[in-house]
Amino acid sequence: MPVELDLRQVLETAAAAAREAGLLQKERLGSEHTLSYKGEVDLVTEVDRACEDLIVRRIREVFPDHSFLAEENQYPEGDPALRWVVDPLDGTTNYAHGFPWFCVSIAFERGGEILAGVVYHCMMDELFSAVKGEGAFLNGRRMKVSQRAPLRKSLIATGFPYDVARDNENNFDNFIELQLAARGVRRAGAAALDLACVAAGRLDGFWELKLKPWDVAAGTLLVQEAGGRVTNHAGEPYSVYDHRILASNGAIHDEMLRILERCAAR
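Reading guide: rules and limits
- Residue indices follow the written sequence of each chain, beginning from 1 at its first position.
- In keeping with the predicted nature of the model, local features appear solely for residues at pLDDT of at least 70, side-chain atom pairs appear and are counted solely at 80 or more, and the whole-chain, interface and lining totals rest on all residues.
- Computation of side-chain values: all heavy atoms of the structure, hydrogens and water removed.
- The buried label goes to any residue with under 20% of its type's maximum accessible area, the exposed label to any with over 50%, and the partly exposed label to all in between, with areas taken from a 1.4 Å probe on protein chains only.
- Numbering goes from the N terminus for both helices and strands, where a helix is a DSSP run of H or I of at least four residues and a strand is a run of E of at least two.
- A pair of strands is treated as paired once DSSP finds two or more bridges between them.
- Here an angle of 0 to 180 degrees is reported between the N-to-C directions of two axes, which are lines fitted to C-alpha atoms, with helices fitted over the stretch in contact.
- For any helix crossing, the convention is left-handed if the near helix is rotated counterclockwise from the far helix by under a right angle, and right-handed if that rotation is clockwise.
- The contact definition used throughout considers only heavy atoms, calling two residues in contact when any of these lie within 4.5 Å.
- Polar here means any residue outside two lists: the nonpolar Ala, Val, Leu, Ile, Met, Phe, Trp, Tyr, Cys and Pro, and the charged Asp, Glu, Lys and Arg; Gly therefore counts as polar.
- UniProt positions are given in the numbering used here, feature names are shortened, and annotations may be inferred rather than shown by experiment.
- Counted as a polar contact is a pair of N or O atoms within 3.5 Å, where, for protein atoms, one must be capable of donating a hydrogen and the other of accepting one, and residues adjacent in sequence contribute only when both atoms are in side chains.
- Where each domain begins and ends follows an automated or database-derived domain assignment.
- In short, buried area is how much 1.4 Å probe accessible area vanishes from two parts on joining, totalled over both.
- A side-chain nitrogen of Lys or Arg and a carboxyl oxygen of Asp or Glu constitute a salt bridge if their distance falls within 4 Å.

Asks: Would you explain the pairing of strand E6 (residues 103-110) in this entry?
Replies: On any regular strand, side chains alternate: one points to one face of the sheet, the next to the other face. In terms of residue burial, E6 counts as a mostly covered element, since seven of its eight residues are buried. Bridging between strand E5 (residues 79-90) and E6 involves seven bridges; their strand directions are antiparallel. Paired with Val85 across the two strands is Ala107, which belongs to E6. In terms of strand pairing, E6 meets strand E7 (residues 113-121) through seven bridges, oriented antiparallel. Each bridged residue has a counterpart across the sheet, and for Ile106 the counterpart in E7 is Val118.

Asks: Even after reading the chapter, I still don't get the packing of helix H4 (residues 172-181) against helix H7 (residues 253-264), so can you show me in this structure?
Replies: Relative orientation and spacing of two packed helices are given, respectively, by the angle between their axes and the distance between those axes. Orientation of H4 relative to H7, taken along the N-to-C sense of each, is 145°, at an axis distance of 9 Å. Between H4 and H7 lies a crossing of right-handed hand. Residues Asp173, Asn174, Glu177, Leu178 and Ala181 of H4 form the contact with H7, whose participating residues are Met256, Ile259, Leu260, Arg262 and Cys263. Looking at the contact of H4 with H7, its residues break down into six nonpolar, one polar and three charged.

Asks: Got a minute to help me understand the UniProt feature "binding site: Mg(2+) 1" (unreviewed entry) in the protein in this structure?
Replies: UniProt marks Glu71, Asp87, Leu89 and Asp215 with the feature "binding site: Mg(2+) 1" (unreviewed entry), using the numbering shown here. For the residues just named, distributed over 145 residues, the greatest C-alpha separation is only 9.7 Å, placing them together at one site. Along the chain, the position of Leu89 falls in strand E5. For Leu89, a relative accessible area of 1% corresponds to the buried category. When sequence neighbours within four positions are dropped, the list of residues in contact with Leu89 reads Gln25, Thr45, Val47, Asp48, Glu71, Tyr95, Phe102 and Cys103. Along the polypeptide, Asp215 turns up in helix H6 (residues 213-225). Look past the residues within four positions of Asp215 in its chain and what remains in contact with it is Asp87, Asp90, Ala191, Ala192 and Leu195. Side-chain polar atoms of Asp215 contact the backbone nitrogen of Lys212, separated by 2.8 Å.

Asks: Got a minute to help me understand the UniProt feature "binding site: Mg(2+) 2" (unreviewed entry) in the protein in this structure?
Replies: In the numbering used here, UniProt assigns the feature "binding site: Mg(2+) 2" (unreviewed entry) to Asp90. Along the polypeptide, Asp90 turns up in strand E5. For Asp90, the contacting residues outside a window of four places in its chain are Phe102, Cys103, Ala190, Ala191, Ala192, Leu193 and Asp215.

Asks: Even after reading the chapter, I still don't get the domain arrangement of the protein, so can you show me in this structure?
Replies: Buried accessible area, meaning the area lost when the parts come together, often serves as the stated size of an interface. Along its sequence, the protein is carved into domain 1 (7-142) and domain 2 (151-265). Taken over C-alpha atoms, the centre of domain 1 sits 21 Å from the centre of domain 2. The partner domain 2 presents 25 residues to the 40 residues of domain 1 that form the contact. Regarding the contact of domain 1 and domain 2, the summed buried area is about 2400 Å², with carbon and sulfur atoms giving 65% of it. Where domain 1 packs against domain 2, one counts one salt bridge.

Right under this line is the structure:
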């Protein structure tokens, strides 16, 4: 591992790769896609795979010794202490249906710590970015989480796991209780974008379960660097390898935690 790592170069590399992948997504949106399945409803398109190939290739041109944790393929080579966590197309189901809410998510992890990340929403040309300790930005302008509270006046978001029809741990109880407690709950289908919207102050909170590291790695850094709070559903420090995530502006975090803990105790 190098003594010094230029995180600005890391961020610029991630941003360039995300923009290129986003352009590919935009160009192919609405075309006939080749679909395959990782589960009963968990789709993969040829665009997911093409974007991941592109991103990995671009990053390797700059950082040939780094490793990757990505959604569509395994990459056993590279230094495991210097790892890129990649979701080439978060919101694949939306994409396959032509619903324009999807993104690219790329994060860089050193020794288990997320140090940089980008989320790119190509349909609005919005690049959300952050380097640990340096704040979060949207197209170069600093982002801050909202100050909205209490929960009754807040707009929050969630999602449901792909095995929702087969597993009782399906988020339904949480959804009902938080829908009743909040101004509104949105379920748009791309966790990385939901987290980016919390960081930008568009949403006040987000919770979900059974997500993968590539769904949340960049987004959690965005929220934290924008002044928000991220924990698991027990209020403990969050890792992208945890099973449950709660991210918020901080002002409504404890209210959301109490509801999640009450539902879990049933």
